[in-house]
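# Descriptive structure summary
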Amino acid sequence: MDRITVETQPIEGQKPGTSGLRKKTSVFMEPRYLENFVQAIFTGIGGVAGKTLVLGGDGRYFNDRAAQVILRMAAAQGASRIIVGQNALMSTPAASNMIRKRQTDGGIIMSASHNPGGPDEDFGVKFNTPNGGPAPEEVTNRIFEATKTLDSYDILVTDDVDLSEVGETQLGDMVVEVVDPVVDYAALMDSLFDFDAIAKLFQSGFRIRYDAMHAVTGPYAKAILEERLGAPAGSVVNAVPSPDFGGGHPDPNPIWAKDLMDLMYSDDAPDFGAASDGDGDRNMIVGRAAYVTPSDSLAVLAANAHLAPGYSGGLKGVARSMPTSGAVDRVAAKRGLDCYETPTGWKFFGNLLDAGRATLCGEESAGTGSDHVREKDGLWAVLLWLNILAETGKSVQQMLDDHWTEFGRNYYSRHDYEGVDAAAAEGLMNALRAQFDTLPGKSFAGRTVASADEFSYDDPVDGSHSAGQGIRISFEGGGRAVFRLSGTGTVGATLRVYLEDVCEDPDQMHKDPQEALADIIAAAEEIAGIKERTGRAEPDVRT
């Protein structure tokens, strides 16, 4: 076992985004690419000498090899202990919980979230800070600066560490502690929810289908839903994590979870359907012929969370990302709760959660969570829904109907244009910015623009300022269109267009969202010139 210093040089393009660095797997496998970025993380956090870190990933292609590299680099640079999930697997919310429970110095998560996996697909690495949440901009900026100047890294030359068995081994002077990634997370869920009530729900004949999408949440869902709560064997499908996610796209939405959607809209539909993404932090909720948008899910959970033991004392506040619909705002207004609007990216919720200002947070991109960890948490959202259904005795559709009757409905949809030419996408955004002063008062597709601006955020806890967080076009009557370029893809640009309108009429609350939003969709196209500027007549994905 030798410790060596490898000379290297900066590699361009290693700027971490809202969820770390994501690139094609083949890029991460290039000589020194992974090592450079890991070294930049170590440098950006002041080194790892004497520190304890958590390490895990979603099991995608290259996950196992990357874990061995990270372990050897950490050992060579004096880390005291690495707590790693068995077979290098650990969901993102479970990693956040482990960081917090063991009070470590942070953790490294290997994942590209909902992006597809495989040798020709995507890989990612991100650092989570000691609070369990994604690194804030101040930390990611330090990491990025380190990528520009590093000239070497230290690493051990040794055999692979056996990560298949729970227990402790030595790697040089560093302890490698392999843990069952499910145990601590399951205990946390048991402390938040009434597992007996959910078990009785299943005993009553209530049927569930949970699609783990060949991703990391499979073992967690099997252990909790089937083994602990008694859902019938086979309720959790696609439960074995696969390096290429079974050849699928592990994004829990109606497009990529089509098999689940077809089942839930069939004559033999179960009572409840759910899906999770690659690293387990996102969720999709479906009732019998009833798709629940992530924005509505956040609002329903906020209105009913008190029915679960972990939230019986009420909520301190709620928070949503700016592109997420205002449905939760209506709950907050009626319940007297503080409501915060943040930029996209879970790290922006961290300060609110740490300061005790918010309990529930959510994003329209299928992410919902609470102050139990500092990440969104897909299986947590499913269990909270089940706890609420067990307490109310209602179906998913009844929950939605009652919610809309009380709070009104925010019709909502997101249109994704993927792999758009980056220059064309930037041109579209710049053209929108140039119209800010002239759009108000003009009408498009029968809707009059009330305001146009670019969202910026001043953190109420630490005062930090984040600019350029999405273009907002608001219409009279409460509708709006939001335009953002996403940072989660690896090729070209993804243009996301978020469309929303408010409905207060009970007789108009059961339309198809695309129909209800037709004039907002047309106005957004007319204002932005999406087809003309991108060449795309239709979005790739509608959710």
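The structure we're discussing is the one just above.
Residues numbered from 1 in each chain as written. Predicted model: local features only at pLDDT ≥ 70, side-chain atom pairs only at ≥ 80, totals over all residues. Heavy atoms only, no water.

### As for the packing of helix α6 (residues 183–192) against helix α8 (residues 217–228)
Note the cut-off: In this analysis an axis means a line fitted to C-alpha atoms, helices contributing only their contacting stretch, and an angle means the value between N-to-C directions, from 0 to 180 degrees. Put simply, DSSP H or I for four residues or longer makes a helix, DSSP E for two residues or longer makes a strand, and each gets a number counted from the N terminus. Roughly parallel means an angle under 35 degrees; roughly antiparallel means over 145; roughly perpendicular covers 65 to 115; every other angle is labelled oblique. Left-handed describes a crossing whose near helix is turned anticlockwise from the far helix through less than a right angle; right-handed describes the clockwise counterpart. Working rule for contacts: check all heavy atoms of both residues, and any pair within 4.5 Å makes them a contact. Side-chain classes are defined by residue name, with Ala, Val, Leu, Ile, Met, Phe, Trp, Tyr, Cys and Pro counting as nonpolar, Asp, Glu, Lys and Arg as charged, and the others, Gly among them, as polar.
Relative to each other, α6 and α8 sit at 50 degrees, their axes nearing to 10 Å. Between α6 and α8, the interaxial angle falls into the category oblique. Note on packing geometry: the crossing formed by α6 with α8 is right-handed. Across from Y185, A186, M189 and D190 in α6, the residues of α8 making contact are Y220, I224 and R228. Here the residues of the contact of α6 with α8 are counted per class, giving five nonpolar, no polar and two charged.

### Notes on the sheet that holds strand β12 (residues 272–276)
Our working definition: Criterion used throughout: strands pair if DSSP finds at least two bridges between them.
Strand order in the open sheet formed by five strands is β11-β10-β12-β13-β14, and the pairing between neighbours is mixed. In this open sheet, the two strands that pair with only one neighbour each are β11 (236–237) and β14 (290–292). In the sheet, strand β10 (residues 208–211) pairs with β12 via four bridges, with the strands oriented parallel. Within β12, the residue paired with D211 across the bridge is A275. Against the sheet, helix α13 (residues 378–392) engages β10, β12, β13 (283–287) and β14, with an angle of about 165 degrees to β12.

### Some thoughts on the packing of helix α11 (residues 327–335) against helix α14 (residues 396–407)
The geometry of α11 relative to α14 is characterised by a closest axis approach of 10 Å and an angle of 60 degrees between their N-to-C directions. Regarding the angle of α11 to α14, the classification is oblique. Both α11 and α14 take part in a crossing whose hand is left-handed. Taken together, the residues of α14 that come into contact with α11 (itself represented by R330, V331, K334 and R335) are H403, E406 and F407. Per-class residue counts for the contact of α11 with α14 are two nonpolar, one polar and four charged.

### Some words on the pairing of strand β19 (residues 409–420)
For clarity, the cut-off: Whether a residue is buried, partly exposed or exposed follows from its accessible area with a 1.4 Å probe, protein chains only, as a fraction of its type maximum: under 20%, in between, or over 50%, in that order.
Counting buried residues in β19 gives 10 out of 12 residues, a clear majority hidden from the surface. In this sheet, strand β26 (residues 493–503) lies alongside β19 in antiparallel orientation, the contact comprising 10 bridges. From the neighbouring strand, N410 faces β26, where its bridge partner is V502. By the bridge criterion, two bridges tie β19 to strand β27 (residues 541–542) in an arrangement that is antiparallel. Directly across from D416, in β27, lies its bridge partner V541.

### Points about the environment of G57
Here G57 is to be found in strand β3 (residues 52–57). Owing to a relative accessible area of 0%, G57 belongs among the buried residues under this scheme. When the C-alpha atoms of G57 and G85 are compared, they prove to be 8.1 Å apart, with 28 residues separating the residues in sequence. Beyond its immediate stretch of four places on either side in the chain, G57 contacts N63, A88, L89, M90, M110 and V216.

### Thoughts on helix α17 (residues 518–528)
An α-helix turns once per 3.6 residues; consequently, residues spaced three or four apart project the same way. The cut-off we apply is this: What the arc covers is the set of directions going from the helix axis to the C-beta atoms.
Every buried residue belonging to α17 is among I520, A523, A524, I527 and A528, and all of these are buried. For α17, the buried positions fall inside an angular range of 110 degrees around the axis, keeping them on one side. Looking one or two residues beyond α17, the residue adopting positive phi is G529, at roughly 60 degrees.

### Notes on the sheet that holds strand β9 (residues 174–179)
Ordered in space as β2-β6-β5-β3-β4-β9-β8, the seven strands form an open sheet in which the pairing is mixed. With one partner strand each, in any of the chains shown, β2 (21–24) and β8 (167–171) form the two edges of the open sheet. When strand polarity is set aside, the average angle formed by the axes of neighbouring strands in this sheet is 20 degrees.

### Observations regarding the side chain of S96
Assignment of secondary structure puts S96 in helix α4 (residues 92–102). On the basis of relative accessibility, which here comes to 0%, the residue S96 falls in the buried class. In this structure, S96 is in contact with G132, G133, V373, R374 and E375, ignoring residues within four places of it in sequence.

### Focus: the pattern of salt bridges
Heads up, the rule is: Put simply, a salt bridge is a Lys or Arg side-chain nitrogen that is within 4 Å of an Asp or Glu carboxyl oxygen.
The full count for this structure, using the stated rule, is 37 salt bridges. Between K24 and D122 there is a salt bridge; the shortest N-O distance is 3.1 Å. With K24 in strand β2 and D122 in strand β6 (residues 122–128), this pair connects stretches of sequence that are 98 residues apart. Here K376 makes a salt bridge to D281, at a shortest N to O gap of 3.7 Å.

### With respect to the nonpolar core
How we decide: Here, nonpolar core refers to any group of buried Ala, Val, Leu, Ile, Met, Phe, Trp, Tyr and Cys residues whose side-chain atoms link them within 4.5 Å.
Counting 102 residues, the largest nonpolar core has F193, L225, F272, W380, L386 and F483 as its most contacted members. Counting residues per element, this core draws most heavily on α13, which supplies 10 residues. Once residues within four sequence positions are removed from consideration, F193 is found in contact with I198, A308, P309, Y311, W380, L383, L384 and N387. Counting residues in each nonpolar core, the second largest holds 46 residues, with F62, M110, I155 and L163 among its members.

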